[in-house]
Amino acid sequence: MRQHLVRRFYTLPVKERPYESTDLPSVIEIYTASIRTLAASYYSPEQIAAWAPAPPDAARWQQRLSHLHTIVAESDGVLAGFASYTNDGYLDFLFTHPTFARRGVASGLYQRVESALRTVRAPKVSTHASLAARPFFDRHGFQLDGEECVECRGAYLRRFAMHKELRDDRNA
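Remember, predicted model here, so these are calculated numbers, not experimental data.

Attention now goes to the packing of aromatic side chains. A complete count under the given rule lists 12 aromatic pairs for this structure. Between Phe 137 and Phe 142 the ring centres are 4.9 Å apart and the planes differ by 75°, which places this aromatic pair in the edge-to-face class. In textbook terms, an aromatic cluster arises when at least three aromatic residues are bridged by ring pairs, as seen for Tyr 31, Trp 61, Phe 82, Phe 93 and Phe 95. Over the ring of Phe 160 we find Arg 134; its NZ or CZ atom is 4.8 Å from the centre of that ring.

Encoded structure:
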């Protein structure tokens, strides 16, 4: 007899707050673990190794994050995810640690980003979504602009350029 497993998803209580420089090791760990675990079924081992190299370059991370607004989600003192964006509406990073996947962490972070972008009157939010992340962005109302294949440390990765309009419905 075949048993059917029912996966139960539940929202995890998290506190979202601005990124602090002391969060860098956890942010790098979230990014690396997310790619190596959650994206592993979508990309080859060579692509994963290029996208999330070991060891990670902490100085490069620090420099890249310095130009972005970053929010982290914390659960019981442990970072569960992070999102980084620009005020002109580009969502550069949205990652959840696999331990906290499918518990509302990414959705909560995305809602915070969208709210912040609406506050600064960004006309839209745009991103480049991986094969693994595209369903998330589809569910959040993003439109597909096109499919791309980009080079990353000698490997080529498929991704999707996507956007979501952020018009103020009260003034429409």
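All right, on to the pairing of strand E7 (residues 155-165) then. Look at any regular strand and the pattern is simple: side chains alternate between the two faces of the sheet. In this sheet, E7 lies alongside strand E5 (residues 124-130) in antiparallel orientation, the contact comprising 7 bridges. Counted as the bridge partner of Ser 126 is His 163 from E7. As defined by bridge partners, strand E6 (residues 143-152) adjoins E7 across 9 bridges and the pair is classed as antiparallel. If you follow Gly 146 over to E7, its bridge partner there is Ala 161.

What follows is about the side chain of Gln 47. Along the chain, Gln 47 turns up in helix H2 (residues 45-51). Owing to a relative accessible area of 18%, Gln 47 belongs among the buried residues under this scheme. Among the polar contacts made by the side chain of Gln 47, one reaches the main-chain amide nitrogen of Ser 44 at a distance of 2.7 Å. Those residues in contact with Gln 47, other than ones at most four positions away along the chain, are Ala 155, Tyr 156 and Leu 157.

For the bond running from Ala 54 to Pro 55, omega is -5°, close enough to zero to count as cis. Note that Pro 55 resides in the loop between H2 and helix H3 (58-65). In this structure, Asp 76 takes a positive phi of about 50° despite not being glycine. The residue Asp 76 is located in the loop between strand E2 (69-75) and strand E3 (78-85) in this model. On the basis of relative accessibility, which here comes to 80%, the residue Asp 76 falls in the exposed class. The backbone phi angle of Arg 102 is positive, close to 60°, even though this residue is not glycine.

Here we take up the confidence of the model for the chain. Of the residues in the chain, 90% have a pLDDT of 70 or more, and the chain-wide mean is 91. Residue range residues 1-10 is modelled with pLDDT below 50. Its contacts to residues more than four positions away, or to other chains, number 5 contacts.

Below, the discussion takes up the environment of Ser 66. Within the secondary structure layout, Ser 66 lies in the loop between H3 and E2. In this structure the C-alpha to C-alpha distance between Ser 66 and Gln 47, which are 19 residues apart in sequence, comes to 26 Å. Within the local environment of Ser 66, its side chain forms a polar contact with the backbone oxygen of Gln 63, the two atoms lying 2.6 Å apart.

As a further point, take the pattern of salt bridges. Any two side chains of opposite charge can pair, so long as their charged atoms come close to each other. Enumeration over the complete set of coordinates arrives at 11 salt bridges. The salt bridge involving Lys 164 is made with Glu 114; its shortest N-O contact spans 2.8 Å. Taken as a pair, Lys 164 in strand E7 and Glu 114 in helix H4 (residues 105-119) lie far apart in primary sequence, 50 residues in all. Of the charged contacts, one joins Asp 138 and Arg 134 as a salt bridge, the two residues approaching to 3.4 Å between their closest N and O atoms. Taken together, the residues span about one helical turn, with Asp 138 and Arg 134 both in helix H5 (residues 134-139) at a distance of 4 residues. Using a relative accessible area of 23% as the deciding quantity, one classes Arg 134 as partly exposed. Among the charged side chains, a salt-bridge network with shared partners connects Lys 15, Arg 17, Glu 20, Asp 23 and Glu 74.

The 7 strands lie next to each other as E1-E2-E3-E4-E5-E7-E6, forming an open sheet whose pairing is mixed. Across the chains shown, the open sheet's two edge strands, defined by having one partner strand only, are strand E1 (15-18) and E6. For this sheet, the mean inter-axis angle between neighbouring strands, taken without regard to orientation, is 30°. Across 2 bridges, strand E4 (residues 90-96) lies against E5 in parallel orientation. Opposite Leu 91, over in E5, you have Thr 127 as the bridge partner. Packed onto the sheet, H4 meets E1, E2, E3, E4, E5 and E7 and runs at close to 35° relative to E3.

Thresholds applied
Residues numbered from 1 in each chain as written. Predicted model: local features only at pLDDT ≥ 70, side-chain atom pairs only at ≥ 80, totals over all residues. Heavy atoms only, no water. Phe/Tyr/Trp six-rings, centres within 6.5 Å; stacked < 30°, edge-to-face > 60°. Lys NZ or Arg CZ within 6 Å of the ring centre and 35° of its normal. Pairing = 2+ DSSP bridges. Helix = DSSP H or I, 4+ residues; strand = E, 2+ residues; numbered from the N terminus. Buried < 20%, exposed > 50% of the residue type's maximum accessible area, 1.4 Å probe, protein only. Polar contact = N/O pair within 3.5 Å; in protein donor to acceptor, adjacent residues only side chain to side chain. Contact = heavy atoms within 4.5 Å. pLDDT = per-residue confidence, 0-100. Salt bridge = Lys/Arg side-chain N within 4 Å of Asp/Glu carboxyl O. Axes fitted to C-alpha atoms, helices over the stretch in contact; angles between N-to-C directions.

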